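# What the coordinates show
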Amino acid sequence: MPVTPFHFGPGALIAVASRSKVSFLSFAATNVLIDVESLYNMITDQPRIHAFLHTYVGSSLAAAVVVLSFLPCRWLALRLPAWPVLSWRRLSVMAVLLGSLVGAWSHVLFDSVMHSDITPLAPFSNHNGLYRVVPLGALHLFCIGSGIVGVIWYVLRSNISLQRDRER
């Protein structure tokens, strides 16, 4: 299924664990961009649903598109009033880059385990040695579990920060 939320679970945990050194927003944006290809391939009835962007080379290019798109968007957002919806404009380019790359490469990794039509190392190899190396249920539980842990960690850390601010 394109744009699956399962990918977001590990991204949430990584973003929280990194203390915002990895952007969850760019992680998610890169995952969505990669799955736009799958959606297109499904709609147009292509023989392979998971093609170029589901390779490490293609997903790296998708990450680059997200990072390069962020730069003019941030430039514009910095010239607008400080609306809460624009809080992402404080993200560093490094956090966006790391989020995009982690999102891209984890997407290919997880989908390599899940889908038989992926050739993650193309154009260097047409072999997918990770297909079903982990049971599908275990992969889904890992993704969901890491998302739950990430959200709980975020809420706890936010509550602790709010409590410290009130004590000051």
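Notes on the structure in this doc start here. (Residues numbered from 1 in each chain as written. Predicted model: local features only at pLDDT ≥ 70, side-chain atom pairs only at ≥ 80, totals over all residues. Heavy atoms only, no water.)

Below, the discussion takes up the overall build of the protein chain. A count of helical and extended segments in the protein chain gives five helices and zero strands. With respect to the three principal axes, the spread of C-alpha positions in the protein chain is 60 × 35 × 30 Å. The buried share of the protein chain, reckoned over its 168 residues, is 39%. Considering only contacts in the protein chain between residues 6 or more positions apart, those separated by 24 or more positions represent 62%. If you average the places of the 12 positive and of the 7 negative side-chain charges in the protein chain, the two averages end up 17 Å apart. (Helix = DSSP H or I, 4+ residues; strand = E, 2+ residues; numbered from the N terminus. Buried < 20%, exposed > 50% of the residue type's maximum accessible area, 1.4 Å probe, protein only. Contact = heavy atoms within 4.5 Å. Lys, Arg positive; Asp, Glu negative; His and termini not counted. Charge placed at Lys NZ, Arg CZ, Asp CG, Glu CD.)

A few words on a nonpolar patch on the surface. On the surface, a cluster of nonpolar side chains totalling about 550 Å² of accessible area is made up of Trp 75, Leu 76, Leu 80, Trp 83 and Val 85. Tracing the backbone shows Leu 80 in the loop between α3 (56-77) and α4 (93-114). (Patch = residues over 30% accessible without salt bridge, like charges linked within 9 Å, V, L, I, M, F, W, Y side chains within 5 Å. Areas by Shrake-Rupley, 256 points an atom, 1.4 Å probe, with all protein chains shown as cover. Salt bridge = Lys/Arg side-chain N within 4 Å of Asp/Glu carboxyl O.)

Bringing helix α5 (residues 136-167) into the picture now. Between its first and last C-alpha, α5 extends 47 Å over 32 residues, near the 46 Å set by a 1.5 Å rise per residue. What α5 keeps buried is the set Leu 139, His 140, Cys 143, Ser 146, Gly 147, Gly 150 and Arg 157. If you follow the buried residues of α5, they end up packed against α1 (8-17) and α4. (Expected span 1.5 Å × (residues − 1).)

To continue, consider unusual backbone geometry. The residue after Ala 122, namely Pro 123, is reached through a cis peptide bond having omega 10°. In this structure, Pro 123 sits in the loop between α4 and α5. The phi dihedral of Asp 45 falls on the positive side, at around 55°, and the residue is not glycine. Within the secondary structure, Asp 45 is located in the loop between α2 (24-43) and α3.

Running from N to C, α1 and α5 cross one another at 35°; their axes reach a closest spacing of 6 Å. Helix-helix and strand crossings are classified by hand; for α1 and α5 the assignment is left-handed. Residues Gly 9, Pro 10, Ala 12, Leu 13, Val 16 and Ala 17 of α1 form the contact with α5, whose own contacting residues are Phe 142, Cys 143, Ser 146, Gly 147, Val 149, Gly 150, Trp 153, Tyr 154 and Arg 157. Tallied by class, the residues present in the contact of α1 with α5 amount to 10 nonpolar, four polar and one charged. (Axes fitted to C-alpha atoms, helices over the stretch in contact; angles between N-to-C directions. Left-handed = near helix turned anticlockwise from the far one by under 90°. Nonpolar A, V, L, I, M, F, W, Y, C, P; charged D, E, K, R; others polar.)

Attention now moves to the packing of aromatic side chains. Tallying each qualifying case throughout the model produces four aromatic pairs. Plain terms: the ring middles of Phe 24 and Phe 27 are 6.2 Å apart, the flat faces sit at 15° to each other, and that makes the pair stacked. Remark: Phe 27 and Phe 24 occur in helix α2; sequence separation between them is three residues, near one turn of the helix. On the basis of relative accessibility, which here comes to 33%, the residue Phe 24 falls in the partly exposed class. One aromatic cluster is present, formed by Phe 8, Phe 24 and Phe 27 through successive ring pairs. (Phe/Tyr/Trp six-rings, centres within 6.5 Å; stacked < 30°, edge-to-face > 60°.)

You can see Ser 112 is positioned in helix α4. Ser 112 gets classed as buried once you look at its relative accessible area, which sits at 0%. A polar side-chain atom of Ser 112 sits 2.6 Å from the main-chain carbonyl oxygen of Val 108. Those residues within four positions of Ser 112 in sequence are excluded, and the remaining contacts are Ile 118, Pro 120, Asn 128, Leu 130 and Tyr 131. (Polar contact = N/O pair within 3.5 Å; in protein donor to acceptor, adjacent residues only side chain to side chain.)

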